[in-house]
Amino acid sequence: MHRNVLPHVGMPFVLALAVAMSDCSLFAQDDPQAGDKPPVYFPYPPGLMPADLQSEIDRVNREVDQIFQEALAKARSLPPPHLAGNPPIMQGSGTELVETLGRLELFDKNLSVNRNLACSFCHMPYTGFTGPISSINATVVTYPGSVHFRFSNRKPMAYTYSPYYPPLHYNETQQDFYGGNFWDLRATGYKLQNPDAEQAQHPIVDTQEHGFPDTACVVFRLSRSEYRSLFETVWSKQSFDIRWPADVEKICSTPGGAEIFKGNLTPLNLSTEDRARANASLDQFALSISAYERSEAISPFSSKFDAWLAGNATLTGDEMAGWQLFRGKAKCNMCHLDGTANSTQGAITSDNAASVAPLFTDFTSANLGIPKNTSNPIYFQNVPDSYGFTRNPAGAALTDLGVGNFLRSLNGVNPNAAWIRLAPKFDGKMQAQTLRSVDMRPCPTFVKAYMHNGYLKSLKEVVHFYNTRDVLPSCKQGDPGEKVTCWAAPEFGENLSKKLGDLKLTDKEEDQIVEFLKTLTDGYTRPYPDANAYTGVCPEKP
């Protein structure tokens, strides 16, 4: 039995954690064959974690279970497809079958080492498929993985519109990267030519997320899932025609990074043929997820701004003023393309807009000069857990260089040797995300975090930072006036974007841009699926 690593923490959290462990709710989805409860890893100082951490984990997991059951019922109600044409197409229900399979995969807690974490635990619909716990967003920002309490190192990105990002490529003329997924672009799409599908393959073997030690473990769990037949309908029965070793359960219930594996990333002893089949099924798993993420359930183009472009809605005075600032004085449209800059004369309509389905990103990356978020749990994960694994030996000295580290293969693997020399130029840069549904939340007081490390906690703070980064004096984090009358230093001060920092916006103009950004929230023209799944209590207004 592993020894728990639990240093002194604040009493309210200790009591909550003790109650959770005593009734097994912390590990309710653990493998019943695993025996002892997995050990708890807690190297964090008192007061770092929100007091409601465990209750909120339980709340989100109940919501995940509910959506999973809805998806399972949907899968069972769909008529079998009729194969037609050459190449064969699943006529009639084919689209629904693939999208429903992806939905099931995203909400399946069994696809994690301890059977307690679904992909969507960090990406729920009522927040635009990003972080669903207000207290986490307001404090530590990153989310705990299947191994409690290993935390990831960056804010969860949104699923929304992620399939629209192209494969990562370097434009020699513009001297810039375009496309890819993840904050650091490491899901390049080099093989499947689908960065979104490649992105889906990473969390399952991320030690801080789903925690499997081998990618084939997710294929094994899929082969034991309640929706195995749906997977076989979509991708064929050959998907699981794999001879699993006798110790597959034991290996797939042991977290990645464990000292027992000695750095082996494929501890499942599979034949060459079976490994190839598992890899192919892994691609199929990922493509199903991408199909669902591109669907109207996640990326529907159903915001008020879309309705306005179609001539079916009217923007308020402040919303219209904010949009004019967005594409003018504030320079937002230089990176978050709104698709409407095709004409400088007359009103923009669907007849003269450059795009009636703008994605509000240019698919590049930038170093905005965001200060370090010192509350990030990653800085305290510099001691080994009970499996002998240490995520961040550098501790508080860690500097997140984003794209630069990916190009050096220090975070992810760079598949293109020609890109290595470009790393210094891209140090500190992070992906320019879409602004669609950037304000989606279950209630106005629910906190959303922004930027790769969640340092900024509101759209007002974001716009104010863009407006005044280079104007306001410097201060230390926690100083009076921070984020209002002064800013902390950038985490990495080189390669800073020069498109922002001194926009000369008034306070009212900042507010008007925020009002415009709110018009990008999907669900205006038709209900956003599962937007009402939130069962938590809205925070009191500070």
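Quick notes on the rules
- Residues numbered from 1 in each chain as written.
- Predicted model: local features only at pLDDT ≥ 70, side-chain atom pairs only at ≥ 80, totals over all residues.
- Heavy atoms only, no water.
- Helix = DSSP H or I, 4+ residues; strand = E, 2+ residues; numbered from the N terminus.
- Contact = heavy atoms within 4.5 Å.
- Areas by Shrake-Rupley, 256 points an atom, 1.4 Å probe, with all protein chains shown as cover.
- Lys, Arg positive; Asp, Glu negative; His and termini not counted.
- Charge placed at Lys NZ, Arg CZ, Asp CG, Glu CD.
- 1 Å grid on protein atoms, 1.4 Å probe; cavity = no way out; pocket = protein on both sides within 12 Å on 5 of 7 lines; lining within 4 Å.
- Points joined across faces, edges and corners; volume = space filled by probe spheres on them.
- Nonpolar A, V, L, I, M, F, W, Y, C, P; charged D, E, K, R; others polar.
- Buried < 20%, exposed > 50% of the residue type's maximum accessible area, 1.4 Å probe, protein only.
- Core = buried A, V, L, I, M, F, W, Y, C linked by side-chain atoms within 4.5 Å.
- Disulfide = S-S within 2.5 Å.
- Phe/Tyr/Trp six-rings, centres within 6.5 Å; stacked < 30°, edge-to-face > 60°.
- Lys NZ or Arg CZ within 6 Å of the ring centre and 35° of its normal.
- Expected span 1.5 Å × (residues − 1).
- Salt bridge = Lys/Arg side-chain N within 4 Å of Asp/Glu carboxyl O.
- pLDDT = per-residue confidence, 0-100.
- Axes fitted to C-alpha atoms, helices over the stretch in contact; angles between N-to-C directions.
- Parallel < 35°, antiparallel > 145°, perpendicular 65-115°, else oblique.

Draft legend 1. Examining the overall build of the protein more closely. Counting its regular elements, the protein contains 14 helices and six strands. Expressed along its principal axes, the backbone C-alpha trace of the protein runs to roughly 70 × 65 × 50 Å. Residue pairs in contact within the protein that sit at least 24 positions apart in sequence constitute 72% of those at least 6 positions apart. Summed over its atoms, the accessible surface of the protein is roughly 22900 Å², and 54% of this surface lies on carbon and sulfur atoms. Within the protein, one finds 49 positive and 58 negative side-chain charges whose respective centroids are separated by 3 Å.

Draft legend 2. Spatial organisation of empty space enclosed by the protein. Using the criterion set out here, one finds three cavities of 30 Å³ or more in the structure. Looking at the lining of the largest cavity residue by residue, the classes come out as three nonpolar, five polar and three charged. Looking at the lining of the second largest cavity residue by residue, the classes come out as one nonpolar, three polar and two charged.

Draft legend 3. Just the side chain of Ser-302, in detail. By the element assignment, Ser-302 lies in the loop between helix H9 (272-294) and helix H10 (304-309). Look at Ser-302 and you get buried, because its relative accessible area is 1%. Setting aside anything within four residues of it in sequence, one finds Ser-302 in contact with Tyr-161, Thr-521, Asp-522, Gly-523, Tyr-524, Thr-525 and Arg-526.

Draft legend 4. Representation of the nonpolar core in the model. In terms of nonpolar packing, the biggest core is built from 80 residues, with Phe-107, Tyr-227, Trp-244, Leu-268 and Phe-285 touching the most fellow members. Elements supplying a minimum of two residues to this core: helix H2 (53-77), helix H3 (94-106), helix H5 (195-201), helix H6 (216-223), helix H7 (228-235), helix H8 (248-252) and H9. The element that contributes the greatest number of residues to this core is H2, accounting for nine residues. Sequence-distant contacts of Trp-244, that is, excluding residues within four places in its chain, are made with Ala-216, Val-219, Phe-220, Ser-223, Arg-224, Leu-268 and Leu-270. If you look at the next biggest cluster of nonpolar residues, it comprises 35 residues, including Leu-315, Tyr-455, Tyr-466 and Leu-520.

Draft legend 5. Examining the state of the cysteines more closely. Applying the stated criterion to the full structure yields three disulfides. Here Cys-217 connects covalently by a disulfide to Cys-252, the sulfurs 2.2 Å from one another. Taking the sign of the S-S torsion, -85 degrees for the link of Cys-217 and Cys-252, the bridge is left-handed. Taken together, the residues Cys-217 in helix H6 and Cys-252 in helix H8 connect sequence positions 35 residues apart.

Draft legend 6. Here's a closer look at the packing of aromatic side chains. A full pass over the atoms with the stated rule returns 30 aromatic pairs. Pairing Phe-305 with Phe-360 gives two aromatic rings, centres 5.6 Å apart and planes at 75 degrees, and the pair type is edge-to-face. A residue pair is termed long-range when its members are at least 10 positions apart, and Phe-305 in helix H10 and Phe-360 in the loop between helix H11 (317-326) and strand S5 (365-366) qualify at 55 residues. An identical accessibility class is assigned to Phe-305 and Phe-360; each is buried. Each member of the aromatic cluster is reached from another via a ring pair, and the members are Phe-305, Trp-308, Trp-323, Phe-326, Phe-360 and Phe-516. The cationic tip of Arg-294 hangs over the ring face of Tyr-164; the distance from NZ or CZ to the ring centre is 4.4 Å.

Draft legend 7. Layout of helix H14 (residues 507-518). Taking 1.5 Å of rise per residue, the twelve residues of H14 would be expected to cover 16 Å, and the 17 Å separating its terminal C-alpha atoms lies within 8% of that figure. Buried within H14 are the following residues: Glu-509, Glu-510, Gln-512, Ile-513, Val-514, Phe-516 and Leu-517. Tucked into the core, H14 has its buried residues touching H10, H11 and helix H13 (459-468).

Draft legend 8. Region of the structure containing the pattern of salt bridges. By the definition in use, this model includes 32 salt bridges. Salt-bridge contacts for Glu-226 lead to Arg-76; the nearest nitrogen and oxygen are separated by 3.8 Å. Placement of the pair is Glu-226 in the loop between H6 and H7 and Arg-76 in helix H2, with a sequence separation of 150 residues. Exposure remark for Arg-76: the relative accessible area of 60% places this residue in the exposed category. Between Arg-243 and Asp-274 there is a salt bridge whose closest N-O contact spans 3.2 Å. Taken together, the residues span a long stretch of sequence, with Arg-243 in the loop between H7 and H8 and Asp-274 in helix H9 at a distance of 31 residues. Note on Arg-243: relative accessible area 56%, which makes it exposed. The exposure class assigned to Asp-274 is buried, which follows from its relative accessible area of 3%. Ionic contacts of the salt-bridge type, sharing partners, join the residues Arg-154, Asp-184, Arg-186 and Asp-400 into one network.

Draft legend 9. Representation of the confidence of the model for the protein. For the protein, mean pLDDT is 92; residues scoring 70 or higher make up 92% of the total. Below a pLDDT of 50 lies the segment residues 1-35, which in the model reaches 68 contacts outside its immediate sequence neighbourhood of four places, other chains included.

Draft legend 10. Summary view of the packing of H6 against H9. Look at H6 against H9: their axes get within 9 Å of each other, and the N-to-C directions meet at 75 degrees. By the angle class used here, H6 and H9 are roughly perpendicular. Where H6 approaches H9, its residues Ala-216, Val-218, Val-219 and Leu-222 are matched on the opposing element by Arg-275, Ala-278, Ser-281, Leu-282 and Phe-285. Looking at the contact of H6 with H9, its residues break down into seven nonpolar, one polar and one charged.

Draft legend 11. Representation of unusual backbone geometry. For the bond running from Asn-86 to Pro-87, omega is 10 degrees, close enough to zero to count as cis. Within the secondary structure, Pro-87 sits in the loop between strand S1 (82-84) and strand S2 (89-91). Of note in this structure, Ser-437 is not a glycine but carries a positive phi near 55 degrees. Mapped onto the elements, Ser-437 comes out in the loop between strand S6 (430-431) and H13. Within the chain, Lys-483 stands out as a residue other than glycine whose phi angle is a positive 75 degrees. You can see Lys-483 is positioned in the loop between H13 and H14.

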